[in-house]
Structure formats: C-alpha cells, structure tokens
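Here is what each chain is made of, one letter per residue.
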Amino acid sequence: MPMSENFKKRLFPILQDIKAHFGTPFHIYDEAGIIETGHALKEAFSARAGFMEYYAVKALPNPAIMAIMKNLGFGFDCSSIAELMLSRGLGVTGEDIIFTSNNTTPADFAAAFSDGGCIINLDDISLIPKLPRIPERICFRYNPGARRTGNDIIGNPVEAKYGVSHDQIIEAYRRMKQLGATRFGLHTMLASNERNHIYMVETAQMLLDLARWISAELGIRFEFINIGGGLGIPYRPEDIPLDLAAMARGINHLFDAYAEKHGYAPKLCMESGRYMTGPHGVLVTEAINYKDIYRKYIGVDACMSALMRPGIYGAYHHIDVLGKYPQKFPMERVDVVGSLCENNDKFAVDRFLPKIDMGDILVIHDTGAHGHAMGFNYNGKLRPQELLLTKNGSVERIRREETLADYFATLTFEKDVMTF
Ligand SMILES: *Cc1c(COP(=O)(O)O)cnc(C)c1O
C-alpha cells in the first residue's frame, strides 16, 4: 500500500480543517507512522549488537523530523555542510554522524572535522591527501563496478560517479593504515528504492566478503559495515512491500556466520532515507483549474517546486481525491499538473481518477522522502510549507512556505565590479 490506512484514518477527517487553517499546498508528515517504522527497523535487527541506522538527512532535512529520528536512537547520514549543521543543531555529533560526501571540497572537510567531528566516509583514494588531518577512524565507500542493480535511479555502478573501485580498495585502506588510522569501516550505497530484500542481503554478503579479504591482506579489523540506504517502498497500490523480516533474517545469518568463523563480526549500519519517512508524508493540494483540450488537465495549486520525482524520474505517486472513492464515483482520465512552464510539471499522467471538481483536495502519496527536499525555484516557483501530524493528534507547522522575499534575497548584495 502507498500511504497507510492508519495515516489516512487520522488525517482525512481533519484535512478540510487543516486546509482552512494553514491553507494549501503543504506536505504533512505522520509522526506516529515514522516512529512505528523506526521501531520495526530496530526490532528487525535487535539481534545485532550496535546496530545503527543513520537517517539519510537529504530525504527530509527538517529538524522536527530529525528530532524524531534522534529520539529513536538513530544517527544521521550527511553529505553536505548544511546537513552537518542540521544534525549538530540537534546536539548530534561524533560517531552518530557519518559524512558521505562525493566530489568533496576543502570546506566540506573542514566542516566534517569541526564541532565534534563525525565518521568520515571517503569517496575516493585521491581524497586521502586532502584530509585536513588523519582521523583515527576511516571508512571508504566501495563501488563494485559491474553488477546488477535493481533500477536506474543510481544506475549501473560502472557508470556511477560514487565510491572507490575494486582495484583501488585495498590500496585505500593500506594508505590510511600507514598514515595512522586504527579504526575502519566499509560502506557501499548501490540500490535505490529496491523492494527485493535479496538485493540488500547480497549487498551485505558482498561487503562481508570484501571485509574478509581486506582484513586478511592488511591485518585490520572492520568495526562496522554500512550497507547504505536504498530500501524501497511501494509507490503503486499493487507493489509488493519490502520484506523487512526476511531481509533481517538473511543479513543476521551472514553476520552470525562471519562471527563464528572469525571470532567477531563488524557492527551493522545502514542509512535509509526513503524507507523511514517516504510513506509517512503526503502533499496536499487543491484543484484550481480544469482544462479540456486534446487531453483533460487538472491544474492544482502545487507544482514541481514541491515534488520533483514524477517530473524527473517519471515516478508514480498515488493520488486520492478527498471524499471521492474510486469505486463509488464517476471516473475520468486526466493529467494532474502544476503551473511551471515545463511540460514535465505533472504529478500524474493519464491517470484514472474520480471526477474532480474545482476546490477538491488532492492527496499525493509518499512524499515523506525526496519530496519537499528536492524542490527547486525554477520559474520563480516557491516551495510549500511542511506540517506535522503529531502522535497526539495535533497539527503543527514545521516549516513555513517560501515567500517572494526569500526568492529575491540573493538579489540584495554588495556591488562588485572588476574593470580591465
Ligand atoms: C541518498 C542516499 C541515501 C538514502 O537513500 P534512500 O534511497 O532514501 O534510502 C543513503 N546514503 C547515501 C550515501 C545517499 O546518497
């Protein structure tokens, strides 16, 4: 299922009131659902001492959501200075942050090493001499090269810009060991929105095999193995959800076998974004225009600035029309569109929906990850507000909508002209 029945049951009856109070459009997130998923993940890996989820901040970089993650005992996966600042702003530092940057700048490194530091996850061997100092603990992101991937958001690892190649991985750890690092981790991030648990189990297997090989070559031990994020969610009603229990069984078995053979096993870490919050958010928008030309268009008051996934990946997001259940209403084939001067500004293409009247509320599912966060300002379009349906049933604003003043802020600057 896309959005859970439980979230629907609590949200839909109050949605008209929320609209009247806050106005549309908005993303609204479900605290209870996020907590439930967090507990399910912890429960699945309860047998693994030291198991750690580093929530991928880029999925939903809002302090109110991150505070929920922190309360669940999770750390943060950051890949930018802003994400480090958000994490540290919540009092999270050191080992509770992993910094997985790529094409890293000196400023990125300076930020990563300051304010209590974090786990440095290096993307390339050429970055070693660029480290401001040698950290005690180092991790590398591994790119295995030719390998089947589940889908093409990240694509074929051979063509992916991320990570250290197979040929360089031993040398990477050798150099860091020679330079004085004493604690080691190993990371990869290969999948995106992968619902087949076998794929994640294979990733764990691949990293454990790699850890065994590197350990034997260099006489080092791996403190942790990070299998990345990329756990998938069902965006379509017919999609089969990831079998978390089966995934955990498979991975636990591999780690247990490793421990039996080597007398210890690295800790298991992951850095899921989408799986943790994706299904627990929706974009709520009002139908404002109806256009009937070669096709029928429903114009809504949100646009790509609020949700890019359909436009850039052709991603499917399920849509409910509030109060109109598909079985009970006359249906119509429509495109649901925003107002951008880009023809890919569509939330749904050729979608069979209950006949929509102007003023109807559309609920676009699964916007809790890579939704608001990916929004942009092209065409001067502003990003909407974010709300939280708290576990006690209240609704609070956790980010205001952008204003034109925000948009024009960068046009206020000191005049600077270079003459020749
Ligand atoms: C984007 C990203 C994640 C999270 O991906 P999801 O698909 O949201 O789980 C984790 N790690 C890294 C390095 C990423 O870039």
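Residues numbered from 1 in each chain as written. Predicted model: local features only at pLDDT ≥ 70, side-chain atom pairs only at ≥ 80, totals over all residues. Heavy atoms only, no water.

1. Digging into the overall build of the chain
Turning to step 1, where the next piece is worked out: A tally of regular secondary structure across the chain gives twelve helices and 17 strands.
Turning to step 2, where the next piece is worked out: For 420 residues, the compact-globule formula gives about 22 Å, and the C-alpha radius of gyration of the chain, at 23 Å, lands near that figure.
Turning to step 3, where the next piece is worked out: Each principal axis of the C-alpha atoms in the chain carries an extent, and together these give about 70 × 65 × 40 Å.
Turning to step 4, where the next piece is worked out: The buried share of the chain, reckoned over its 420 residues, is 56%.
Turning to step 5, where the next piece is worked out: Carbon and sulfur atoms make up 52% of the accessible area of the chain, which totals about 18,900 Å².
Turning to step 6, where the next piece is worked out: For the chain, the separation between the mean place of its 45 positive charges and that of its 50 negative charges on side chains is 1 Å. (Helix = DSSP H or I, 4+ residues; strand = E, 2+ residues; numbered from the N terminus. Rg over C-alpha atoms; globule rule 2.2 N^0.38 Å. Buried < 20%, exposed > 50% of the residue type's maximum accessible area, 1.4 Å probe, protein only. Areas by Shrake-Rupley, 256 points an atom, 1.4 Å probe, with all protein chains shown as cover. Lys, Arg positive; Asp, Glu negative; His and termini not counted. Charge placed at Lys NZ, Arg CZ, Asp CG, Glu CD.)

2. A closer look at the sheet that holds strand β5 (residues 118-122)
Turning to step 1, where the next piece is worked out: Read around the closed barrel, the eight strands follow the order β2-β3-β4-β5-β6-β7-β8-β9; overall the barrel is parallel. Direction aside, the axes of adjacent strands within the sheet are offset by 30 degrees on average.
Turning to step 2, where the next piece is worked out: One ladder, built from three bridges, connects strand β2 (residues 52-56) with strand β3 (residues 75-78); its direction is parallel. Bridge assignment links Tyr-54 to a residue of β3, and that residue is Gly-75.
Turning to step 3, where the next piece is worked out: Along the sheet, helix α5 (residues 81-89) makes contact with β3, β4 (94-99) and β5, crossing β3 at roughly 165 degrees.
Turning to step 4, where the next piece is worked out: Helix α6 (residues 106-113) rests against β4 and β5 of the sheet, and its axis sits at about 150 degrees to β5. (Pairing = 2+ DSSP bridges. Axes fitted to C-alpha atoms, helices over the stretch in contact; angles between N-to-C directions. Contact = heavy atoms within 4.5 Å.)

3. A closer look at the domain arrangement of the chain
By a frequent convention, interface size equals the accessible area lost on bringing the separate parts together.
Turning to step 1, where the next piece is worked out: Examined at the domain level, the chain breaks down into domain 1 (31-275) and domain 2 (278-409).
Turning to step 2, where the next piece is worked out: Taking only C-alpha atoms into account, the centre of domain 1 sits 32 Å from that of domain 2.
Turning to step 3, where the next piece is worked out: Contact with domain 1, which involves 24 residues of that partner, is made by 21 residues of domain 2.
Turning to step 4, where the next piece is worked out: In this assembly, domain 1 packs against domain 2 so that about 1,900 Å² is buried in total across both faces, 59% of it on carbon and sulfur atoms.
Turning to step 5, where the next piece is worked out: Its largest share of buried area at the contact with domain 2, domain 1 owes to Glu-31, Tyr-235 and Arg-274, together 31% of the area lost on that side.
Turning to step 6, where the next piece is worked out: At the surface where domain 1 touches domain 2, the tally comes to zero salt bridges. (Domains from an automatic or database assignment. Buried area = accessible area lost by both parts, 1.4 Å probe. Salt bridge = Lys/Arg side-chain N within 4 Å of Asp/Glu carboxyl O.)

4. Brief notes about the environment of Arg-309
Turning to step 1, where the next piece is worked out: Note that Arg-309 resides in helix α11 (residues 309-313).
Turning to step 2, where the next piece is worked out: Using a relative accessible area of 3% as the deciding quantity, one classes Arg-309 as buried.
Turning to step 3, where the next piece is worked out: On a C-alpha basis, the gap between Arg-309 and Asp-30 in space is 20 Å, while along the polypeptide they are 279 residues apart.

5. Details of the pattern of salt bridges
Turning to step 1, where the next piece is worked out: According to the stated counting rule, one finds 21 salt bridges in the structure shown.
Turning to step 2, where the next piece is worked out: Close ionic contact of Glu-136 with Arg-183 constitutes a salt bridge, the shortest N to O distance being 3.8 Å. Of the two residues, Glu-136 sits in the loop between β5 and β6 (137-141) while Arg-183 sits in strand β7 (residues 183-187), which places them 47 residues apart along the sequence.
Turning to step 3, where the next piece is worked out: A relative accessible area of 49% places Glu-136 in the partly exposed class.
Turning to step 4, where the next piece is worked out: The closest approach of N and O atoms between Glu-386 and Arg-399, which form a salt bridge, is 2.6 Å.

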